[in-house]
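Here is how the chains run, residue by residue.
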Amino acid sequence: MKKLFIFTLFAVTFAACKKNQSITSPPAQGNKMTGKWIITSVTVIPRDSTGTALNSGTLYTEPSYYYFQFNSDNSWVQNLAPDPQSGIGESGSYILHADTSFTLINVNLPSSPEECKIVALTSSSFVFSHQKATLFNGVTPGYLEYLFELKK
């Protein structure tokens, strides 16, 4: 009886193991950024070399066909034309850094990634910013902060 029990235990254990088990990753679930976001406005804020705002900035209201599409495979597309098939826009990949920031990598400028800060992110509203170095009047160093306001 003891031998029968050991044999049964061995047979069950052996049967549970398959030689050709394949490990599949679960389907991509995305993140809070995933989806199509309409760009409602962009505010450009000039900042001095210390990061202090020089003024409250200039608000630019964008056409309703401007959008970002963030995909669950970490790719993105930015459309800036009434016809999305026109090729006027940008695309690439992104890396999400927790819920506070992300990096946009443009397929046409892979050596110049854009570091972006998440200001606010809900299921219907997304605000992020990034800065670019500039020279005011061609001589004074500073930054231009771009504040993107998006909605679903």
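Residues numbered from 1 in each chain as written. Predicted model: local features only at pLDDT ≥ 70, side-chain atom pairs only at ≥ 80, totals over all residues. Heavy atoms only, no water.

Enquirer: Would you explain the pairing of strand β3 (residues 67-70) in this entry?
Expert: Pairing geometry for strand β1 (residues 35-48) and β3, over four bridges, is antiparallel. In the sheet register, I38 faces β3, and the bridge partner there is Y67. Two elements, β3 and strand β4 (residues 75-79), share four bridges in a ladder whose sense is antiparallel. What sits directly across from Y67, in β4, is N79. Between β3 and β4, which pair antiparallel in sequence order, lie four residues; one of them, N74, sits at a positive phi of approximately 65 degrees. (Pairing = 2+ DSSP bridges. Helix = DSSP H or I, 4+ residues; strand = E, 2+ residues; numbered from the N terminus.)

Enquirer: Sorry, what's going on with the nonpolar core here?
Expert: One broad trend across soluble globular proteins is that nonpolar side chains are buried collectively. The biggest cluster of nonpolar side chains holds 19 residues, and the ones touching the most others in it are F68, F70, F102 and F126. Breaking this core down by element, the ones donating at least two residues are β1, β3, β6 (101-106), β7 (109-121), β8 (125-136) and β9 (140-151). (Core = buried A, V, L, I, M, F, W, Y, C linked by side-chain atoms within 4.5 Å. Buried < 20%, exposed > 50% of the residue type's maximum accessible area, 1.4 Å probe, protein only.)

Enquirer: Just checking my understanding: could you explain the pairing of β8 for this structure?
Expert: Where a strand is regular, its side chains alternate between the two sheet faces. Note that β7 and β8 share four bridges and pair antiparallel. Residue I118 lies in a different strand from β8, and its bridge partner there is F128. Connecting β7 to the antiparallel partner β8 that follows it, the hairpin turn spans three residues. Pairing of β8 with β9, which is carried by 12 bridges, proceeds in the antiparallel orientation. In the sheet register, F128 faces β9, and the bridge partner there is F148. Where β8 folds back onto β9 in an antiparallel hairpin, the turn is made up of three residues, including N137, whose phi is positive at roughly 55 degrees.

Enquirer: Looking at this structure, how should I read the side chain of S41?
Expert: By the secondary structure assignment, S41 is in strand β1. Excluding anything up to four places from it in sequence, S41 contacts L59, Y60, T61, E62, L147, F148 and E149. (Contact = heavy atoms within 4.5 Å.)

Enquirer: Before we go on, may I ask you to explain the pattern of salt bridges in this structure?
Expert: Close approach of charged atoms allows side chains with opposite charge to pair. As enumerated under the stated definition, the model contains two salt bridges in all. For the salt bridge of E145 with R47, the shortest nitrogen-to-oxygen distance reads 2.6 Å. Taken together, the residues span a long stretch of sequence, with E145 in strand β9 and R47 in strand β1 at a distance of 98 residues. We note a salt bridge from E114 to K132, for which the minimum N-O separation is 3.0 Å. (Salt bridge = Lys/Arg side-chain N within 4 Å of Asp/Glu carboxyl O.)

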